[in-house]
Amino acid sequence: MKEKVMEALCKINPKVIEHMEEDLIETGFIDSFEIVNLVVELEEMFGIDIDPEEIIPDNFQTVNAIINLMEKLLRKE
């Protein structure tokens, strides 16, 4: 799971790999436009749909938050 999420993040911003433990939004490694691109990438990669109500900063602040979101969504499938 972590590898796939990191792969998607690196497509959006390769510098993320060096800052996995940081708040990705606060530090500027991803912004709202990049979150939209990341959502599209994750949907394609995992074969899921991410509901708009799931696209909130809390779910994309850290790598672990994104992994938790993906695990939660995949359990629903």
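To be clear, the structure that these remarks concern was listed above.
Owing to the predicted nature of the structure, the values given are computational and were not obtained by experimental measurement.

What counts as what
Residues numbered from 1 in each chain as written. Predicted model: local features only at pLDDT ≥ 70, side-chain atom pairs only at ≥ 80, totals over all residues. Heavy atoms only, no water. Salt bridge = Lys/Arg side-chain N within 4 Å of Asp/Glu carboxyl O. Helix = DSSP H or I, 4+ residues; strand = E, 2+ residues; numbered from the N terminus. Buried < 20%, exposed > 50% of the residue type's maximum accessible area, 1.4 Å probe, protein only. Phe/Tyr/Trp six-rings, centres within 6.5 Å; stacked < 30°, edge-to-face > 60°. Lys NZ or Arg CZ within 6 Å of the ring centre and 35° of its normal.

**Re the pattern of salt bridges**
Two side chains of opposite charge can pair, provided their charged atoms sit close to one another. Per the counting criterion, the structure on display carries three salt bridges. The salt bridge involving Lys11 is made with Glu41; its shortest N-O contact spans 3.0 Å. Linking Lys11 in helix α1 (residues 2–12) with Glu41 in helix α2 (residues 32–46), this pair joins segments that are 30 residues apart in sequence. Note on Lys11: relative accessible area 51%, which makes it exposed. Overall, the relative accessible area of 17% leaves Glu41 in the buried class. The salt bridge involving Lys72 is made with Glu54; its shortest N-O contact spans 3.2 Å. One end of the pair, Lys72, is in helix α3 (residues 63–76); the other, Glu54, is in the loop between α2 and α3, and 18 residues separate them in sequence. Look at Glu54 and you get buried, because its relative accessible area is 9%. Here the salt bridges do not stand alone but share partners, grouping Glu54, Lys72 and Lys76 into one network.

**A word on the packing of aromatic side chains**
Evaluated as defined, the whole model comprises zero aromatic pairs. Its end group placed over the ring of Phe46, Lys4 keeps NZ or CZ at 5.2 Å from the ring centre.

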